[in-house]
Amino acid sequence: MKRNDYLTWDEYFMGIALLSAQRSKDPNTTVGACIVGQDNRILSVGYNGMPAGCSDDEFPWEREGSTLDTKYAYVCHAEMNAILNYTGTTSMKGAKLYVSLFPCNECTKAIIQKGIKEVHYLSDKYADTEQTKAAKRMLDAAGVKYYKYQTTNREIKLSL
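Since this is a predicted model, take the numbers as computed values, not measurements.

> Just checking my understanding: could you explain the state of the cysteines for this structure?
Disulfide: a covalent bond connecting the sulfur atoms of a pair of cysteines. On inspection of all chains with the given rule, the structure shows zero disulfides. Counting only cysteine sulfurs, C76 is the nearest neighbor of C54, a cysteine outside any disulfide, at a range of 10 Å. Here C76 stays free of any disulfide, with the sulfur of C107 as its closest cysteine sulfur at 7.1 Å.

> What is the right way to look at the sheet that holds strand 5 (residues 145-148) in this model?
Adjacent strands of a sheet form backbone hydrogen bonds with each other and so pair up, either parallel or antiparallel. Across the sheet, which stays open at both edges, the five strands sit in the order 2-1-3-4-5 with mixed pairing between neighbours. With one partner strand each, in any of the chains shown, strand 2 (42-47) and strand 5 form the two edges of the open sheet. Taken pair by pair, the neighbouring strands of this sheet meet at an average axis angle of 15°, ignoring direction. The pairing of strand 3 (residues 96-101) with strand 4 (residues 118-123) spans five bridges and is classified as parallel. What sits directly across from L101, in strand 4, is S123.

> What am I meant to see in the packing of aromatic side chains here?
Geometry of an aromatic ring pair is reported as the spacing of the ring centres plus the angle between the planes. Inspection of every chain in the model, using the stated rule, returns seven aromatic pairs. Ring geometry for F102 versus Y121: centroids 4.9 Å apart, planes at 80°, classification edge-to-face. With a gap of 19 residues between them, F102 in the loop between strand 3 and helix 3 (105-113) and Y121 in strand 4 connect regions that are remote in the sequence. Side by side, F102 and Y121 carry an identical accessibility label, which is buried. Geometrically, the ring pair formed by F102 and Y146 is edge-to-face, given 5.5 Å between the ring centres and 85° between the ring planes. A residue pair is termed long-range when its members are at least 10 positions apart, and F102 in the loop between strand 3 and helix 3 and Y146 in strand 5 qualify at 44 residues.

> Whenever I open this one, the pattern of salt bridges confuses me. Can you help?
Once the charged atoms of two side chains with opposite charge are near each other, the side chains can pair. Applying the stated criterion across every chain yields a total of six salt bridges. Salt-bridge contacts for K71 lead to D26; the nearest nitrogen and oxygen are separated by 2.7 Å. In this pair, K71 sits in the loop between strand 2 and helix 2 (78-85) while D26 sits in the loop between helix 1 (9-21) and strand 1 (32-36), placing the two residues 45 residues apart along the sequence. The class for K71 is buried, based on a relative accessible area of 5%. The partner of K109 in a salt bridge is E106, with the nearest N and O atoms 3.0 Å apart. Linking K109 with E106, this pair stays in helix 3, spanning three residues, or about one helical turn.

> Is there a simple way to think about helix 3 in this case?
An α-helix turns once every 3.6 residues. As a result, residues three or four positions apart point the same way. All buried positions along helix 3 are accounted for by N105, C107, T108, A110 and I111. Close packing links the buried residues of helix 3 with helix 2, strand 3, strand 4 and helix 4 (130-142). Among the residues trailing helix 3, G115 stands out with phi positive, at a value near 85°.

> Looking at this structure, how should I read the packing of helix 3 against helix 4?
Any two packed helices are characterised by the angle at which their axes cross and by the distance between the axes. Packing of helix 3 against helix 4 brings their axes to within 8 Å, and their N-to-C directions diverge by 15°. By the criterion of interaxial angle, the relationship of helix 3 to helix 4 is roughly parallel. Relative to helix 4, the crossing made by helix 3 is right-handed. Listed contacts from helix 4 to N105, T108, K109 and I112 of helix 3 are Q131, A134, A135, M138, L139 and A142. Within the contact of helix 3 with helix 4, the residues separate by chemical class into six nonpolar, three polar and one charged.

Reading the values: rules and limits
Residues numbered from 1 in each chain as written. Predicted model: local features only at pLDDT ≥ 70, side-chain atom pairs only at ≥ 80, totals over all residues. Heavy atoms only, no water. Disulfide = S-S within 2.5 Å. Pairing = 2+ DSSP bridges. Helix = DSSP H or I, 4+ residues; strand = E, 2+ residues; numbered from the N terminus. Axes fitted to C-alpha atoms, helices over the stretch in contact; angles between N-to-C directions. Phe/Tyr/Trp six-rings, centres within 6.5 Å; stacked < 30°, edge-to-face > 60°. Buried < 20%, exposed > 50% of the residue type's maximum accessible area, 1.4 Å probe, protein only. Salt bridge = Lys/Arg side-chain N within 4 Å of Asp/Glu carboxyl O. Contact = heavy atoms within 4.5 Å. Parallel < 35°, antiparallel > 145°, perpendicular 65-115°, else oblique. Left-handed = near helix turned anticlockwise from the far one by under 90°. Nonpolar A, V, L, I, M, F, W, Y, C, P; charged D, E, K, R; others polar.

Structure (structure tokens):
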């Protein structure tokens, strides 16, 4: 008899996004993303961090101060990294994005442009910000659905 306690697709892909977030060196906010094609195959993953060639040790990680002295002018978000990391030949049209934090307005533009049709997010802690309100307005206008991921409280067991 087969196991019946296996992960759902949503649990699997959000788990990949959360695992990807662990690659981030941001001391305050780790974010991961996983883009999945219509056939439930992973197209790309990403996490928030400095662009390639920009040393994690030479650029700031601070959250407050002048723009040039904070991470905000430099960090590439997880969603953008997942989009830019994609090396496949098939389109992302109709794909789903699993992300640990609701996308900002800038990443939302790229999500819409690539044809991603669903966003599954874990946290929306910046829901009251203008950037998130703008992101939701654009997603709604473009017909991109977004869903708050419902945790299952299931402990994931690893066995070899």
